[in-house]
Amino acid sequence: MTRFNTQLVHGLPIGDNATGAVNPPIYNSTTYAFDEVGAMPRYDYARSGNPTREFLERQIAQLEHGTRGFAFASGLAAIHATLSIFEPGDRIVVGKNIYGGTYSLFHDYFSRWGLTIESVDTHDFQALETAIAGDREHGVSPAKAVYFEVLTNPLLDVNDVRGIANIARRHGALTIVDNTFVTPYLQRPLDLGADIVIHSATKYLAGHSDVNAGLVVTLSEEVGNRIYFAQNRFGGVLAPLECDAVRRGIQTLALRMDRQQANAKSIAQYLLAHPLVKTVHYPGLPGHEDELREKGLKGAGGVLSFEVVPGVDPADMLDNLHVFRLAVSLGAVESLAELPCKMTHFELPREERLKVGITDELVRLAVGIEDEADLIEDLGQAFDIAYTKYIERHSDVDLFAQLTSGVFA
Ligand SMILES: *Cc1c(COP(=O)(O)O)cnc(C)c1O
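Predicted model, so just to flag it, every value in this text is computed and none were measured.

Undergrad: Would you mind going over the overall build of the protein chain in detail, with residue names and values included?
TA: Looking only at helices and strands, the protein chain features 15 helices and 12 strands. Against the 2.2 N^0.38 benchmark of 22 Å for 409 residues, the protein chain shows a C-alpha radius of gyration of 23 Å, consistent with a compact globule. In terms of overall dimensions, the protein chain has C-alpha extents of about 85 × 60 × 35 Å along its principal axes. Burial analysis of the protein chain (409 residues in total) assigns 51% to the buried set. The long-range fraction of contacts in the protein chain, counting pairs at least 24 apart against all pairs at least 6 apart in sequence, stands at 71%. Accessible area for the protein chain stands at about 18,400 Å²; split by element, carbon and sulfur atoms hold 53% of it.

Undergrad: Quick rundown of the nonpolar core? Include the residues and the values.
TA: Grouped together as the largest cluster of nonpolar side chains are 86 residues, with contacts concentrated most on Ile267, Leu304, Phe306 and Leu365. Structurally, this core is a two-domain feature, drawing no fewer than three residues from each of domain 1 (4-251) and domain 2 (253-404). Ignoring anything within four residues of it in the chain, the contact list for phenylalanine 306 reads Leu271, Val277, Thr279, Val280, His281, Met317, Glu361, Leu362, Val363, Leu365 and Phe383. With 26 residues, the next largest nonpolar core counts Phe86, Ile92, Phe110 and Ile117 among its residues.

Undergrad: I'd love a proper account of the site of the ligand, names of residues and values included.
TA: Close to the ligand lie 14 residues; Gly75, Leu76, Asp178, Thr202 and Lys203 are nearest. Separating an oxygen atom of the ligand from a side-chain N or O atom of lysine 203 is a distance of 2.7 Å. For the ligand, the accessible surface in isolation is 380 Å², of which the surrounding protein chains cover 93%. Top element by residues in the shell around the ligand is helix 3 (residues 75-83). It accounts for 3 residues. For the shell around the ligand, a count of residues per class yields 5 nonpolar, 6 polar and 3 charged.

Undergrad: Outline the pairing of strand 7 (residues 214-218), supporting the account with residue identities and numerical values.
TA: The buried count for strand 7 comes to 5 of 5 residues, which makes it a mostly enclosed element. Alternating residues of strand 7 divide into Gly214, Val216 and Thr218 and Leu215 and Val217, and every residue in both groups is buried. The pairing of strand 1 (residues 68-72) with strand 7 spans 5 bridges and is classified as antiparallel. Note on strand 7: the bridge partner recorded for arginine 68 is threonine 218.

Undergrad: Give a detailed account of the domain arrangement of the protein chain, specifying residues and quantitative values.
TA: Here the protein chain is described as being made up of domain 1 (4-251) and domain 2 (253-404). Relative placement of domain 1 and domain 2: their C-alpha centres are 29 Å apart. Counting residues at the interface gives 29 residues for domain 1 and 36 residues for domain 2. Buried area between domain 1 and domain 2, both sides added, is near 2,900 Å², and the carbon and sulfur share of it is 63%. The largest per-residue losses of area from domain 1 upon contact with domain 2 belong to Tyr185, Leu186 and Tyr204, which jointly make up 26% of the total buried on that side.

Undergrad: Let's hear about the packing of helix 3 against helix 4 (residues 100-110): which residues, and what values?
TA: Direction vectors running N to C along helix 3 and helix 4 enclose 40 degrees, while the axes themselves pass 10 Å from each other. Taken together, helix 3 and helix 4 sit at an angle that is classed as oblique. In this structure, helix 3 crosses over helix 4, and the sense of that crossing is right-handed. Along its contact with helix 3, which presents Leu76, Ile79, His80 and Leu83, the element helix 4 presents Gly101, Thr102, Leu105, Phe106, Tyr109 and Phe110. For the contact of helix 3 with helix 4, a count of residues per class yields 7 nonpolar, 3 polar and no charged.

Undergrad: Break down the packing of helix 10 (residues 253-273) against helix 14 (residues 372-393) for me, with residues and values.
TA: As a packed pair, helix 10 and helix 14 sit with axes 10 Å apart at the nearest point and diverge in direction by 30 degrees. Regarding the angle of helix 10 to helix 14, the classification is roughly parallel. When you trace helix 10 past helix 14, the crossing you get is right-handed. Contacts from Asn263, Ser266, Ile267, Tyr270 and Leu271 of helix 10 reach helix 14 at Glu372, Leu375, Ile376, Leu379, Gly380 and Phe383. Along the lines of polarity and charge, the residues of the contact of helix 10 with helix 14 split into 7 nonpolar, 3 polar and 1 charged.

Undergrad: Go over a negative patch on the surface with me, naming the residues and quoting the values.
TA: On the surface, a cluster of negative charge is made up of Asp371, Glu372, Asp374 and Glu377. Along the chain, the position of aspartate 374 falls in helix 14. Under the relative-accessibility criterion, aspartate 374 is labelled partly exposed at 37%.

Undergrad: Summarise the UniProt feature "modified residue: N6-(pyridoxal phosphate)lysine" (unreviewed entry) in the protein chain; cite the residues concerned and give the values.
TA: Those residues carrying the UniProt feature "modified residue: N6-(pyridoxal phosphate)lysine" (unreviewed entry) are Lys203 in this numbering. Here lysine 203 is in contact with Tyr99, Thr180, Ser329, Leu330 and Gly331, once residues within four sequence places are set aside.

Undergrad: Could you give an account of the packing of aromatic side chains, with specific residues and numbers?
TA: For any pair of aromatic rings, geometry is given as the distance between the ring centres together with the angle between the planes. A complete count under the given rule lists 7 aromatic pairs for this structure. Consider the rings of phenylalanine 106 and tyrosine 147, whose centres lie 5.3 Å apart with planes at 80 degrees: the pair is edge-to-face. Here phenylalanine 106, found in helix 4, pairs with tyrosine 147, found in strand 4 (residues 145-149); they are 41 residues apart in sequence, far enough to count as distant. An identical accessibility class is assigned to phenylalanine 106 and tyrosine 147; each is buried. Seen in terms of ring centroids, tyrosine 109 and tryptophan 113 are 6.1 Å apart; in terms of plane orientation they differ by 40 degrees. Their pairing is tilted.

Undergrad: Talk me through the environment of histidine 208; I want residue IDs and the actual numbers.
TA: Looking at the element boundaries, histidine 208 is found in the loop between strand 6 (196-200) and strand 7. By relative accessible area, which is 36% here, histidine 208 ends up partly exposed. A sequence separation of 160 residues divides histidine 208 from glycine 368, and the C-alpha atoms of the two residues are 9.8 Å apart. Residues contacting histidine 208, with those up to four places away along its chain left out, are Thr252, Arg256, Ala332 and Val333. Engagement of the side chain of histidine 208 in a polar contact is seen with the backbone oxygen of alanine 206, the distance being 2.9 Å.

Parameters at a glance
- Residues numbered from 1 in each chain as written.
- Predicted model: local features only at pLDDT ≥ 70, side-chain atom pairs only at ≥ 80, totals over all residues.
- Heavy atoms only, no water.
- Helix = DSSP H or I, 4+ residues; strand = E, 2+ residues; numbered from the N terminus.
- Rg over C-alpha atoms; globule rule 2.2 N^0.38 Å.
- Buried < 20%, exposed > 50% of the residue type's maximum accessible area, 1.4 Å probe, protein only.
- Contact = heavy atoms within 4.5 Å.
- Areas by Shrake-Rupley, 256 points an atom, 1.4 Å probe, with all protein chains shown as cover.
- Core = buried A, V, L, I, M, F, W, Y, C linked by side-chain atoms within 4.5 Å.
- Domains from an automatic or database assignment.
- Near = heavy atom within 4 Å.
- Polar contact = N/O pair within 3.5 Å; in protein donor to acceptor, adjacent residues only side chain to side chain.
- Nonpolar A, V, L, I, M, F, W, Y, C, P; charged D, E, K, R; others polar.
- Pairing = 2+ DSSP bridges.
- Buried area = accessible area lost by both parts, 1.4 Å probe.
- Axes fitted to C-alpha atoms, helices over the stretch in contact; angles between N-to-C directions.
- Parallel < 35°, antiparallel > 145°, perpendicular 65-115°, else oblique.
- Left-handed = near helix turned anticlockwise from the far one by under 90°.
- Patch = residues over 30% accessible without salt bridge, like charges linked within 9 Å, V, L, I, M, F, W, Y side chains within 5 Å.
- Salt bridge = Lys/Arg side-chain N within 4 Å of Asp/Glu carboxyl O.
- Lys, Arg positive; Asp, Glu negative; His and termini not counted.
- Charge placed at Lys NZ, Arg CZ, Asp CG, Glu CD.
- UniProt positions renumbered as here; feature names shortened; annotations may be inferred.
- Phe/Tyr/Trp six-rings, centres within 6.5 Å; stacked < 30°, edge-to-face > 60°.

Encoded structure:
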């Protein structure tokens, strides 16, 4: 068996290549000829199966150590199909801090179809077990699944997949993990006891901010059959050209992620030492090595967040970046910066936001593969402008006295 980096480049050839082309062909055909009436061809109609899509689906199943893979037109289409395997009355326990679109899909859509959603802090194993176990005496049956993200967004708390999956398994619940922020390069949740892994392949896997895609991998054939039904009946499949764009992105995943992590680590250290920065959230900083290892992660990825000190307007800094683009999304070759309270998380009521720690001063960076020095210089000049504007606003107060008295501590 080949190793991970080789699998990224080559995937699993599907035995259709008669020309020697080193890349798998892109099949646009939506229909496939039968040899004769009554034949059962491998492909008949593209929603049900397409060779270009099948290449990608087999590859992600291989990379995540699962049995079946599925490609969808977006991460949310993948999540929709996955949650559709449950039935009215089923209870799903959901991590407190999940992607906004997923949160809305649970609360504004699946709740209407009869799923009962219970949000829980997945770091609190006692609370998690209570939520999953239910309360049979009072008619609350055990949860059918627990759903969470390995690294929370934008605060980068590390969830313990093994610990959570152990609890879920004890009560017969499936463990569903959104592995978008981590990728199989840094962790394979199925190896740690999860049953289903989901990706917004729009992010690291495709890696170039040029394709919307979602992937699902199942541990078992049986769960795979249920996802396949949803894929084939809802029809939210990924188109052949997009499948190929994701395949090509995956080829360089490890190289990109190595550079993104190295850049993110340097930037996190730079931010820690910057006087306008109050806190830095990045599990790739020194001191977290044991936590990452114990939770089965090989690295912390390329996303980090930080808070500016009170009084400094984070918009003054963000509006003056030049190498970092002011944009949502993450995981691509170019560096992006954003203000969660006004951009990725603006739909969360302020009270809710503050409860989970997403303050008005919190900035998120999705670090790309550019030169580290250019990224740090870009942040530095933007901080300088934010500082000048701060001084202008506070020209009547003695800033030096405030600094030395620890107001900014
Ligand atoms: C972006 C994202 C999604 C949704 O994926 P789309 O491809 O935008 O539909 C789901 N989960 C996480 C963690 C994401 O970052």
